[in-house]
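One-letter residues, chain by chain:
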Amino acid sequence: MNHVRSFLRFSLTVLLLLGADFIGIAPRSKAALQEPANATQNAAQNAAPLPTATQQAIAAPAVPTDPRALYDALNALRPDGAHVYAVKDLTLRRDIVNFTFTEGKLAFLEPLGGRITGAVFSGRGHVIATPRDRGERRSLAQFIGVPILDQSFSDAYIRFSDDTAAELQRQLAHDGNEPSSDPRFTAYWNPLAAGLAPTHSLRTMVDWLAAEPIPYFYILLQTGTASPVEVSVDYRRDEQVNIGQPRFVDGVRSYDMWASFRSENPPTEKSEAFLPLDYRVDSTIAEDVSLQGKTMLHLRAGRTGERVVAVELSRHLTVDNITDENNQPLPYFQNDELSRREAARRGNDFILAVLPAGQPAGADFHLQISYHGSVITDAGNGAYFVGERGAWYAHIGGEHFTPFDLTFHWPKRLTLVATGIESEAREDRESKSGRWRSETPFPTSGFNLSQYQMASPTGQPKIQIYANKQLEEAIMARLQVTTPNDLPPPSILDHFKDTDHLSGAAGQPPPPSPTSALKQLGASVQDSIRFFENVNGAFPFDHLDVAQIPGSFGQGWPGLVYLSTLAFLPPETQERAGLDEWAQSQARDLMPFHEVAHQWWGNVTGAASYRDVWIQEAMANYLALWYADTKKPGQHRLANWLEHYRAELTTKIPGADHSIELVGPLVLGQRLNSLKVPDAYTTLIYGKGTWVMHMLREMLRDPGAPSGKDPDARFRELLRAILAEHRFRPLSTADFQHAVEQHMTPAMDLEGTHRMDWFFDQWVRGTDLPRYTVKFDVKPRGNAFVVTGKLEQSGTEDVFTAPVPLYAIHIAGKPERLGLVVTTGPETRFQFESRTRPTRIVIDPNLTLLWNKG
Ligand SMILES: [Zn+2]
């Protein structure tokens with residue numbers, strides 16, 4: 001269930017962001033920025049570089065106009081061995097990052113068309129940077145032990161489309177530095193320069209072909225650590241400054257994003273290079289479930305004069321051709337140019353198509369992309385899964401709500417489900433075909449197909465629920481094990497592992513068919529929709545299809561929900577499959593309703609960036625638990641899950657001196673996964689995120705509401721207001737905070753500013769989790785008792801503030817609410833009156849606050 005659609009969609013964006021050595025090729029949608037104030041100047045310098053000895057000595061070859069020739073020419077650039085400088089104390093500052101080239105040798109790359117695009121350095125150097133944002137300093141500290149980047153380096157590979165060359169040349173000229181020939185230096189650097197070039201050639205090409213370049217700077221530093229460290233400042237990205245480290249773990253390349261943040265002088269105006277207006281996708285699925293597809297992208301130019309369109313597509317699909325609206329083939333770059341490791345890690349390719357000419361801002365045009373490959377996994381026994389999320393069609397990355405028009409042709413033996421309203425269903429001897437059109441703008445589109453059986457409960461909205469006739473092979477293998485204890489408990493969040501080695505066992509009852517759950521599951525999905533409509537407003541789509549998928553996760557698409565096979569299994573079968581109590585509850589009480597809640601949270605509004613994914617996930621999870629809680633109030637499902645999450649958040653990480661809570665704030669999103677702490681993303685986004693939503697609901701709640709009045713009216717109003725204001729638009733954490741501020745009660749205004757900074761800074765942008773102890777005295781006064789004491793707060797910064805409810809326990813009777821203590825530091829004094837003498841004081845027995853009880 002963490003593999004829900006919105007999560008997946010954003011992981012693409014995020015992973016691109018993580019691929020810092022693949023700078024800005026695909027403008028993360030929000031990353032495409034207006035040129036910064038100093039860029040024009042930089043561009044001017046690029047266009048008319050300062051004459052230097054280097055450039056005078058070499059007759060500048062003409063810049064190729066053909067994109068592929070330009071790319072090849074950029075790739076061929078090598079350090080200029082005839083002009084190697086012995087340098088001392090050269091300095092560069094890019095944003096908040098300071099580089100000193102203390103002593104060593106430096107050569108520029110050969111110029112192309114008079115422009116220099118890089119330099120290499122060997123010797124002694126130093127880099128120092130302190131991110132302004134506390135969350136980013138925390139992230140740095142997680143990776144390197146200290147909250148600042150302060151490292152020495154020996155080698156440096158530098159690439160840029162900004163004025164770095166001119167800046168270094170000025171310093172060299174000022175020092176009267178004369179270059180000399182050094183073949184040994186270039187012999188060392190030539191193979192490295194060749195290997196590192198392609199990514200930068202593409203990035204440089206994007207700028208060189210644009211009417212108004214948006215420059216970037218990149219440096220790869222060999223520090224004392226095993227892998228080099230990279231720093232980039234790219235004004236095409238939303239978060240311009242990235243500091244990180246590519247790593248090999250067990251032969252697999254991964255990426256650690258140490259820090260990512262906006263420049264200290266971010267461009268004020270931002271616009272994307274190209275926006276999608278609508279998609280038309282035609283897909284033919286062959287008998288062997290390979291896919292041949294064609295996406296017609298209707299695009300609008302967001303900026304004048306951009307020629308390179310970055311399109312995302314699964315790495316399992318090979319582009320056959322790209323044509324413009326006059327049916328003319330366009331040059332494009334896929335696969336070979338993008339380093340293989342990057343594509344493997346991201347799962348997606350970024351295909352760069354080059355337009356014949358730049359478009360004026362606002363102009364719209366079409367691109368047609370044809371491709372083929374294999375994106376459908378056969379899980380056995382007639383169960384299939386389209387594993388490429390939204391990347392089975394060509395699209396512009398990022399969060400865009402657009403109309404979709406999908407046509408499919410597929411083998412007759414299978415049933416296909418897809419997002420949108422179906423029409424034009426046809427069937428011939430071998431195949432079926434149909435067309436699905438979105439009834440509202442969709443953030444993404446998906447389909448699946450299998451040997452499904454379908455049921456449709458009566459009622460509104462129309463629901464069709466699809467299950468496989470047989471269990472997929474992995475689960476069958478699981479059920480054939482003698483005892484479930486033979487297997488490690490499966491993580492609900494992982495795919496089932498290969499279970500081929502397991503032997504069958506006699507005497508087991510025959511495995512159930514998932515179709516036996518159709519009726520009951522359909523009814524409970526419909527019941528949950530009624531609950532969610534009461535919270536969020538009317539169901540936003542024409543109908544809801546619910547389809548089983550192999551594996552152990554769910555996904556929520558617009559009007560289409562995928563549920564893991566596990567949700568279709570009766571409890572005894574779940575247990576035989578090795579699911580523990582929590583995994584069973586997750587599959588039964590949580591996953592189906594979490595995915596249904598994504599119909600609103602994820603598909604009506606979506607996450608504006610990777611930093612905002614937590615809102616959609618936490619809200620879907622919280623609403624699912626709230627619904628499950630109302631179905632069986634006696635089972636206290638919400639309270640049990642909240643305590644379960646609290647325990648997960650406050651348990652010390654094995655081998656570390658802190659709990660998972662301290663790993664990073666919710667706004668790190670996917671980056672939490674790179675922090676080498678297992679399950680950090682899941683535990684924080686779902687566990688802590690759920691608590692954040694719960695705390696908001698509790699603060700907005702009116703427990704004294706007269707009977708017949710809804711004590712949660714304010715919380716519902718908040719949710720409806722957000723969904724109305726951001727209908728078919730992305731939602732950022734700042735938008736969410738603003739909406740909470742418009743619905744906050746006076747009691748929530750702890751800082752007297754009518755703002756909720758205290759809450760979001762602590763719980764969303766911060767990592768602290770408080771501990772509390774209480775000390776008190778009781779004195780009789782009249783017929784009552786005066787309770788005075790202090791509430792001690794630890795485990796947080798001193799400025800941490802929270803409303804902490806205290807209750808008195810008496811010898812007899814229910815706990816009596818004494819009142820709320822708003823903490824203002826390590827110690828907060830209080831005085832309350834109690835009707836009877838308290839024997840004990842308990843802190844927050846009704847679970848309104850996330851704090852560390854351990
Ligand atoms: Zn989800």
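Reading the values: rules and limits
- Residues numbered from 1 in each chain as written.
- Predicted model: local features only at pLDDT ≥ 70, side-chain atom pairs only at ≥ 80, totals over all residues.
- Heavy atoms only, no water.
- Helix = DSSP H or I, 4+ residues; strand = E, 2+ residues; numbered from the N terminus.
- Buried < 20%, exposed > 50% of the residue type's maximum accessible area, 1.4 Å probe, protein only.
- Contact = heavy atoms within 4.5 Å.
- Pairing = 2+ DSSP bridges.
- Axes fitted to C-alpha atoms, helices over the stretch in contact; angles between N-to-C directions.
- Expected span 1.5 Å × (residues − 1).
- Donors = N, O, S within 2.8 Å, 3.2 Å for Na, K, Ca; no water.
- Parallel < 35°, antiparallel > 145°, perpendicular 65-115°, else oblique.
- Nonpolar A, V, L, I, M, F, W, Y, C, P; charged D, E, K, R; others polar.
- Phe/Tyr/Trp six-rings, centres within 6.5 Å; stacked < 30°, edge-to-face > 60°.
- Lys NZ or Arg CZ within 6 Å of the ring centre and 35° of its normal.
- Core = buried A, V, L, I, M, F, W, Y, C linked by side-chain atoms within 4.5 Å.

Engineer: Report on the overall build of the protein chain, specifying residues and quantitative values.
Structural biologist: Looking only at helices and strands, the protein chain has 18 helices and 35 strands in total. Every one of the 854 residues in the protein chain was classed for burial, and the buried ones make up 60%. Expressed as a percentage of contacts within the protein chain between residues at least 6 apart in sequence, the contacts between residues at least 24 apart total 71%.

Engineer: Give me the lowdown on the sheet that holds strand E35 (residues 840-843), citing residues and values where you can.
Structural biologist: Taken together, three strands build an open sheet; the order of strands is E33-E32-E35 and the sheet is antiparallel. If you trace the sheet from one side to the other, it starts and ends with strand E33 (816-822) and E35, each paired once. Each adjacent strand pair in this sheet contributes to an overall mean axis angle of 30°, direction not counted. Taken together, the six bridges between strand E32 (residues 803-809) and E33 define a ladder with antiparallel strand orientation. Residue Val 804 lies in a different strand from E33, and its bridge partner there is Val 821.

Engineer: An account of the environment of Val 804 is needed here, citing residue identities and associated values.
Structural biologist: Positionally, Val 804 belongs in strand E32. Looking at Val 804, the relative accessible area reads 0%, which means it is buried. Taking the C-alpha atoms as reference points, Val 804 and Thr 823, 19 residues apart in sequence, are found 7.3 Å from one another.

Engineer: Mind laying out helix H10 (residues 518-536), listing which residues take part and the relevant values?
Structural biologist: In this model, H10 (19 residues) spans 26 Å end to end at C-alpha, consistent with the 27 Å of a helix rising 1.5 Å per residue. Remark: Gly 537 follows H10 within two positions and exhibits a positive phi of approximately 105°.

Engineer: How would you explain the pairing of strand E9 (residues 274-285) if you had to name every residue and give the values?
Structural biologist: Looking down a regular strand, the side chains alternate between one sheet face and the other. The sheet contact formed by E9 and strand E10 (residues 291-301) spans 11 bridges and is antiparallel. Among the inter-strand pairings, Pro 276 is bridged to a residue of E10, identified as Leu 299. From the end of E9 to the start of E10, which pair antiparallel, there are five residues, and Val 289 there has a positive phi angle of about 55°. Pairing analysis gives six bridges linking E9 to strand E18 (residues 404-411), with the strands arranged parallel. Residue pairing across strands places Val 281 opposite Leu 406, the latter belonging to E18.

Engineer: Talk me through the coordination of the zinc ion; I want residue IDs and the actual numbers.
Structural biologist: Around a metal, the idealised angle for a tetrahedral arrangement of four donor atoms is 109.5 degrees; for an octahedral arrangement of six donor atoms it is 90 or 180 degrees. Those protein atoms acting as donors to the zinc ion are His 594 (NE2), His 598 (NE2) and Glu 617 (OE), and they sit at 1.9 to 2.1 Å. Ordering the donors of the zinc ion by residue number gives the pattern H-x3-H-x18-E. Taken as a pair, His 594 in helix H12 (residues 581-597) and Glu 617 in helix H13 (residues 613-631) lie far apart in primary sequence, 23 residues in all. In this structure, His 594 and Glu 617 share a single accessibility class: buried.

Engineer: Tell me what's going on with the side chain of Thr 823, and back it up with residues and numbers.
Structural biologist: Positionally, Thr 823 belongs in the loop between E33 and strand E34 (827-834). Other than its neighbours up to four places away in sequence, Thr 823 contacts Tyr 772, Leu 791, Gln 793, Phe 800, Thr 801, Ala 802, Val 804 and Thr 828.

Engineer: An account of the side chain of Thr 440 is requested, with residue identities and associated values reported.
Structural biologist: Along the chain, the position of Thr 440 falls in the loop between strand E21 (431-437) and strand E22 (447-450). Its relative accessible area of 13% is what places Thr 440 among the buried residues. With residues up to four places along the chain from it excluded, the contact list for Thr 440 reads Thr 402, Pro 540, Phe 541 and Phe 728.

Engineer: So what about the packing of H10 against helix H16 (residues 713-725)? Which residues, and what values?
Structural biologist: Contact pair H10 / H16: the axes reach a minimum separation of 7 Å and the direction vectors enclose 85°. If you check the angle between H10 and H16, you find them roughly perpendicular. Within the contact between the two elements, H10 uses Glu 533, Asn 534, Val 535 and Asn 536 and H16 uses Arg 716, Leu 719, Arg 720 and Leu 723. Of the residues belonging to the contact of H10 with H16, the class tally is three nonpolar, two polar and three charged.

Engineer: Give a description of H12 that names residues and reports values.
Structural biologist: Compared with the 24 Å implied by 1.5 Å per residue over 17 residues, the 23 Å span of H12 between its first and last C-alpha is a close match. With respect to burial, H12 is a largely interior element, 14 of its 17 residues being buried.

Engineer: Could you give me a rundown of the packing of aromatic side chains, with the residues and numbers involved?
Structural biologist: All told, the structure shown has 44 aromatic pairs when counted by the stated rule. On the numbers, 6.1 Å between centres and 75° between planes, the contact of Phe 121 with Phe 153 is edge-to-face. Here Phe 153 lies in strand E4 (residues 149-160) and Phe 121 lies in strand E3 (residues 118-129), a separation of 32 residues in the sequence. Note on accessibility: Phe 121 and Phe 153 belong to one class, buried. Between Trp 392 and Phe 408, the aromatic rings sit 5.6 Å apart at their centres with planes inclined by 35°, giving tilted as the arrangement. Of the two residues, Trp 392 sits in the loop between strand E17 (383-386) and E18 while Phe 408 sits in strand E18, which places them 16 residues apart along the sequence. Here the basic side chain of Arg 94 rests over the ring of Phe 217, its NZ or CZ set 5.1 Å away from the ring centre.

Engineer: Break down the nonpolar core for me, with residues and values.
Structural biologist: In this structure, Phe 447 and Trp 614 are the most contacted members of the largest nonpolar core, which totals 155 residues. Those residues in contact with Trp 614, other than ones at most four positions away along the chain, are Met 619, Leu 666, Val 667, Ile 685, Val 692, Met 693, Thr 733, Phe 736, Phe 760 and Val 764. Counting residues in hydrophobic clusters, the runner-up holds 38 residues, among them Tyr 85, Leu 90, Val 97 and Phe 143.

Worth remembering: the numbers are spatial, not functional.
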